[in-house]
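Fold and contact review
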Amino acid sequence: MALQVGIVGLPNVGKSTLFNALTAAKAEAANYPFCTIDPNVGVVTIPDPRLEKITQFIKPQSVVPTTMEFVDIAGIVAGAHKGEGLGNQFLSHIRQTDAIVHVVRCFDDPNIIHVSGSVDPLRDMEVINTELMLADLESVEKKKQRIEKTAKSTADKKLKQEFEVVKKIHEALEKGLPARSVSLNEMELPFAKELHLLSFKPVLYACNVKEDDFIKGGNEWVEAVQKRAAEEGNSSILICSAMEAEIAQLPKEEQKEFLTSLGATEPGLNRLIIEAYKLLALNTYFTAGVKEVRAWTIRSGAKAPQAAGVIHTDFERGFIRAECYHCEDLFLLKSESAVKEAGKYRLEGKDYTVKDGDVLFFRFNV
């Protein structure tokens, strides 16, 4: 499944520097607004030590991690929903993403201009969130006007339900509340998702700080962002994009030495990627054999046929059963044969809910 996370923020908050570090791409990072004119898309691997550990017991010809796409767009400014700073063009680039990483500037530097003239993370967050909601309001108003007359006169229950969802979201946005604040049941959720609203997507705030503050664990600005994020029901993470960009350019061995000097075991980017993964309520399962050990991404709660469909639609269409065990059983017992002897190797049917860390082999017939 192709998963995308959009990176947003004001100009000069460290978005493109962070993107460069994440993807080793060459998004231009310059000290002036709108230097990133076209969206940059980079594919990153999801750090998962279980994948490498599996290969200690099953020796494959190749190892394939699961991935996620990050989309970096130019800085958004006040009035973006009306086209200020080419805002509409940029906002359209993240409508199809699954979640948003909102980079917030939590550092002061006289050499890096701030588009608003001063550092104020809560104000900056408000600017971005307001622009996303206003862009959504414009989109929802058009949808509401388009279907309202027909929805009121039709006997089509589906269209009536769609209109009710649109109306609920419209009312929330008019009150200055994000679309994700609207309480929707399982029948209503698909209609909301089809709208591709920016304020409906889950958000991870990335507090971008200087190296000293990163080592200290933050500053007053970071604390303010963390508090606001918690009030919204969103997550936050501490990051130093400039330091991460430096680490990303180092050879692997030098990276380890640098991280050790900071008292860290892994780059901060790994935590960012994992938090973004969690944000989407995703699980990982594995396929393991002599040809390949591979990680696959599925939605939490996915059934075995849906998990099979991630590999190929034929696997889901002709699903018969899944042969299954958990990777922790392999780590404990040291081999698949030992897993089988211990009775941990199971056959599961169509109603089986795949667990994070399952190792699966699918039987199918088409």
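First things first, this report covers the structure right here in the doc. This structure is a prediction, so every number in the text was calculated from the model and none was measured.

A word on the side chain of K15
- Topologically, K15 is positioned in helix α1 (residues 15-23).
- Residue class for K15 comes out buried when judged on its relative accessible area of 6%.
- A polar contact is formed between the side chain of K15 and the side chain of D72, at a distance of 3.2 Å.

Section: the pattern of salt bridges
- Within this structure, the stated rule accounts for 21 salt bridges.
- Note that E126 and R228 form a salt bridge whose closest N and O atoms lie 4.0 Å from each other. A residue pair is termed long-range when its members are at least 10 positions apart, and E126 in helix α4 (residues 121-153) and R228 in helix α8 (residues 220-232) qualify at 102 residues.
- Under the relative-accessibility criterion, E126 is labelled partly exposed at 43%.
- In this structure, R294 engages E292 in a salt bridge whose closest nitrogen and oxygen atoms are separated by 3.9 Å.
- Bridged by salt links that share partners, the residues D48, R50 and D356 form one connected network.

A word on helix α5 (residues 157-174)
- The first and last C-alpha atoms of α5 sit 26 Å apart over 18 residues, in line with the 26 Å expected at 1.5 Å per residue.
- All buried positions along α5 are accounted for by L159, E162, F163, V165, V166, I169, H170, A172 and L173.
- Buried-residue contacts for α5 involve α4 and α6 (189-194).
- With a side-chain oxygen positioned 2.9 Å from the backbone nitrogen of K158, the residue opening α5 is D156.
- Two residues or fewer after α5 comes G176, characterised by a positive phi angle close to 80°.

Describing the pairing of strand β4 (residues 67-72)
- Looking at chain direction, strand β1 (residues 4-8) and β4 are connected through four bridges and run parallel. Pairing of V5 across the sheet is with F70, part of β4.
- Pairing geometry for strand β2 (residues 40-45) and β4, over six bridges, is antiparallel. Following the sheet pairing, V41 is matched in β4 by V71.

Remarks on the packing of aromatic side chains
- Inspection of every chain in the model, using the stated rule, returns five aromatic pairs.
- With a centroid separation of 6.3 Å and 40° between ring planes, the pair formed by F57 and F331 is classed as tilted. With F57 in the loop between α2 (49-54) and β3 (62-64) and F331 in helix α14 (residues 327-333), the pair connects residues that are 274 residues apart, well separated along the chain.
- Its relative accessible area of 23% is what places F57 among the partly exposed residues.
- When the centroid spacing of 5.9 Å and the interplanar angle of 90° are considered together, the rings of Y285 and F362 count as edge-to-face. With Y285 in strand β8 (residues 282-288) and F362 in strand β12 (residues 358-364), this residue pair connects regions lying 77 residues apart in the sequence. Here the two residues Y285 and F362 agree in accessibility, since each one is buried.

How each quantity is defined
- Residues numbered from 1 in each chain as written.
- Predicted model: local features only at pLDDT ≥ 70, side-chain atom pairs only at ≥ 80, totals over all residues.
- Heavy atoms only, no water.
- Helix = DSSP H or I, 4+ residues; strand = E, 2+ residues; numbered from the N terminus.
- Buried < 20%, exposed > 50% of the residue type's maximum accessible area, 1.4 Å probe, protein only.
- Polar contact = N/O pair within 3.5 Å; in protein donor to acceptor, adjacent residues only side chain to side chain.
- Salt bridge = Lys/Arg side-chain N within 4 Å of Asp/Glu carboxyl O.
- Expected span 1.5 Å × (residues − 1).
- Contact = heavy atoms within 4.5 Å.
- Pairing = 2+ DSSP bridges.
- Phe/Tyr/Trp six-rings, centres within 6.5 Å; stacked < 30°, edge-to-face > 60°.

Shape descriptors only; they carry no functional weight alone.
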